[in-house]
Amino acid sequence: MKAAIVGVSGAVGQEFLRVLDERNFPMDELVLFGSSRSAGSEYTFRGKKHVVKELKHNDDFKGIDVAFVSAGGGTSKDFAETITKYGTVMIDNSSAFRMEDDVPLVVPEVNPEDALNRPRGIIANPNCTTIQMVVALKAIENISHIKKVHVSTYQASSGAGASAMAELKKQYEQLINGEKPTVEKFAYQLAYNLIPQVDVFTDNGYTKEEMKMYHETRKIMHSDIEVSATCVRVPVMRAHSEVTWVETERPISVEEARETFSKTEGIVLQDNPENKDYPMPLFVADKDPVYVGRIRKDLSNPNGLTFWTVSDQIKKGAALNAVQIAEYLIKVGNLK
């Protein structure tokens, strides 16, 4: 088994290194790729130094079984044919191919079989906020079809990459020292603030991030589910939080919801409000699962249920989900 990481120097690329090591991913060789700026850098993996190769249109992917790609949508589109032309499975973390009909969009806990049909050799990793939500929605869908979803997200700086995390930290330091904060990664200062905009606005008043949650959820779940989202950037380093309201075809009790969440793969139930025990990003960063808590009946609709989820955006929302896709393909004998 020969694997590659494309975009290794970024936050998700670095997380790929950690996740592949933590999960003892079954490979004999790892090849690292990056931009001309990153080429020549060295990273240690399993006690061995690896030098980053410059991503070029050549035959470097010949013999590579799977490539974990996190280098931006433009790079993914430009290099997709180069990466896949010798049979490499490209698991892409960008939004470049998510809504293409001939590219599966996969969350292993929800629709793993979709990864088996990949005519272009590409599997798309969904948006981080969508991944977290559909893992939880799948648990409810298993007991009653979900008709509608309203969701508000509270997205950490990690969603905009390593440089955004560094900027948030720097802003706090600057403000404490009485200095004017650096504002480059976001439209406004994020420290001590909330920004009700993630990505650019579209013609209908929703942002691209919010529309991703609508379209991606329907594709992943093969459902007519309606999703209305509001995405907010919050001054947290890692792990996104979401409050989700669902309307199901029949009423679901809190006890029934807790039971299905507790039995669902990839979920940790943390729902003891009387003891102030619920998921929070401070404690979920660097963890694998999606944590679910604050489960309650909606007061305005007998078929409504509300719950809170937290999950590490860089891990389950990106690198871990991609690695789990590859693990599934190996398990069913569809990769090597």
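Further up the page is the structure itself.
Everything in this summary refers to the structure shown in the same document.

Thresholds, definitions, all that
- Residues numbered from 1 in each chain as written.
- Predicted model: local features only at pLDDT ≥ 70, side-chain atom pairs only at ≥ 80, totals over all residues.
- Heavy atoms only, no water.
- Salt bridge = Lys/Arg side-chain N within 4 Å of Asp/Glu carboxyl O.
- Helix = DSSP H or I, 4+ residues; strand = E, 2+ residues; numbered from the N terminus.
- Buried < 20%, exposed > 50% of the residue type's maximum accessible area, 1.4 Å probe, protein only.
- Pairing = 2+ DSSP bridges.
- Axes fitted to C-alpha atoms, helices over the stretch in contact; angles between N-to-C directions.
- Contact = heavy atoms within 4.5 Å.
- Parallel < 35°, antiparallel > 145°, perpendicular 65-115°, else oblique.
- Left-handed = near helix turned anticlockwise from the far one by under 90°.
- Nonpolar A, V, L, I, M, F, W, Y, C, P; charged D, E, K, R; others polar.
- Phe/Tyr/Trp six-rings, centres within 6.5 Å; stacked < 30°, edge-to-face > 60°.
- 1 Å grid on protein atoms, 1.4 Å probe; cavity = no way out; pocket = protein on both sides within 12 Å on 5 of 7 lines; lining within 4 Å.
- Points joined across faces, edges and corners; volume = space filled by probe spheres on them.

**A word on the pattern of salt bridges**
Now for step 1: In the structure shown here, the tally under the stated rule is 24 salt bridges.
Now for step 2: R238 is the salt-bridge partner of D286, the closest N and O atoms lying 3.6 Å from each other. Taken together, the positions of D286 in the loop between α7 (281–284) and β13 (290–297) and R238 in the loop between β10 (226–233) and β11 (240–248) put the pair 48 residues apart, joining distant regions of the chain.
Now for step 3: For E256, the salt bridge goes to R250, with nearest N and O atoms at 2.6 Å.
Now for step 4: A relative accessible area of 32% places R250 in the partly exposed class.
Now for step 5: One salt-bridge network, in which partners are shared between bridges, spans E15, R18, R238, D286 and D312.

**Overview of the sheet that holds β13**
Now for step 1: Strand order across the open sheet formed by six strands is β10-β9-β11-β14-β13-β12, with mixed pairing between neighbours. The sheet is open, and its two edges are formed by β10 and β12 (267–269), each paired on a single side. Strand after strand, the sheet turns through a mean of 25° between neighbouring axes, direction not considered.
Now for step 2: One ladder, built from five bridges, connects β13 with strand β14 (residues 304–311); its direction is antiparallel. Counterpart to R296 in the pairing with β14 is T306.

**A look at the environment of K62**
Now for step 1: By the secondary structure assignment, K62 is in the loop between β5 (53–54) and β6 (66–69).
Now for step 2: K62 sits in the exposed class, given a relative accessible area of 53%.
Now for step 3: In this structure, the C-alpha to C-alpha distance between K62 and G317, residues 255 residues apart in sequence, is 29 Å.
Now for step 4: Apart from the residues lying within four places of it in its own chain, the contact partners of K62 are K2 and Y86.

**So, the sheet that holds strand β7 (residues 89–92)**
Now for step 1: Taken in spatial order, the six strands of this open sheet run β5-β2-β1-β6-β7-β8, and their pairing is parallel. Here the strands that pair on one side only, and so sit at the sheet edges, are β5 and β8 (122–124).
Now for step 2: As paired elements, strand β1 (residues 2–6) and β6 share four bridges and run parallel to each other. Residue pairing in the sheet places V6 in a bridge with V69 of β6.
Now for step 3: The strands touched by helix α2 (residues 73–84) within the sheet are β6, β7 and β8, with β7 carrying the most contacts at an inclination of about 155°.

**Quick notes on the environment of P251**
Now for step 1: Within the secondary structure layout, P251 lies in the loop between β11 and α6 (254–263).
Now for step 2: Sequence-wise, P251 and V200 are 51 residues apart; in three dimensions their C-alpha atoms are separated by 36 Å.
Now for step 3: Residue contacts for P251: discarding those within four places in its chain leaves E256, K297, P302 and N303.

**Some points on the packing of helix α1 (residues 11–22) against helix α8 (residues 315–331)**
A pair of packed helices is captured by two measures, namely the crossing angle of their axes and the spacing between those axes.
Now for step 1: Between α1 and α8, whose axes approach to 9 Å, the crossing angle comes to 50°. As summarised for this structure, α1 and α8 are arranged oblique, according to the angle between their axes. α8 is crossed by α1, and the crossing has right-handed handedness. From α1, V12, E15, F16, V19, L20 and E22 reach across to α8, where they touch K315, A318, A319, L320, A322 and V323.
Now for step 2: A breakdown of the residues in the contact of α1 with α8 according to their chemical character gives nine nonpolar, no polar and three charged.

**A look at the packing of aromatic side chains**
Now for step 1: The tally for this structure, following the rule as stated, stands at six aromatic pairs.
Now for step 2: Taking the centre distance of 4.5 Å and the plane angle of 20° together, the rings of F33 and F61 count as stacked. Pair noted here: F33 is in strand β2 (residues 29–34) and F61 is in the loop between β5 and β6, with a separation of 28 residues, a long-range link. The exposure classification of F33 matches that of F61, with both residues buried.
Now for step 3: Measuring from ring centre to ring centre gives 4.8 Å for Y172 and Y192, while their planes differ by 85°; the resulting arrangement is edge-to-face. Of this pair, Y172 sits in helix α4 (residues 162–176) while Y192 sits in the loop between α4 and α5 (208–221), placing them 20 residues apart in sequence.
Now for step 4: With a relative accessible area of 23%, Y172 lands in the partly exposed category.

**A closer look at the layout of surface pockets**
Now for step 1: One number sums up the size of the largest pocket: a volume of about 1,100 Å³.
Now for step 2: Listed by contribution, the elements that provide at least two residues to the lining of the largest pocket are α1, β2, α2, α5 and α8.
Now for step 3: Of the residues that constitute the lining of the largest pocket, the class distribution is 16 nonpolar, 23 polar and eight charged.
Now for step 4: Its volume calculated, the second largest pocket comes out at about 200 Å³.

**Focus: the packing of helix α3 (residues 128–141) against α8**
Now for step 1: It is at 8 Å that the axes of α3 and α8 come closest, and there the two elements cross at 85°. Taken together, the axis directions place α3 and α8 in an arrangement best described as roughly perpendicular. Taken together, the residues of α8 that come into contact with α3 (itself represented by C128, I131 and V135) are K316, G317 and N321.
Now for step 2: Across the contact of α3 with α8, the residue classes break down as three nonpolar, two polar and one charged.

**Description of the pairing of strand β3 (residues 42–45)**
Now for step 1: Side chains of β3 alternate between two faces, with Y43 and F45 buried and E42 and T44 left unburied.
Now for step 2: Bridge count for β3 against strand β4 (residues 48–51) is four bridges, and the pairing is antiparallel. Bridge assignment links Y43 to a residue of β4, and that residue is H50.
Now for step 3: Joining the antiparallel neighbours β3 and β4 is a turn of two residues, in which R46 adopts a positive phi near 50°.

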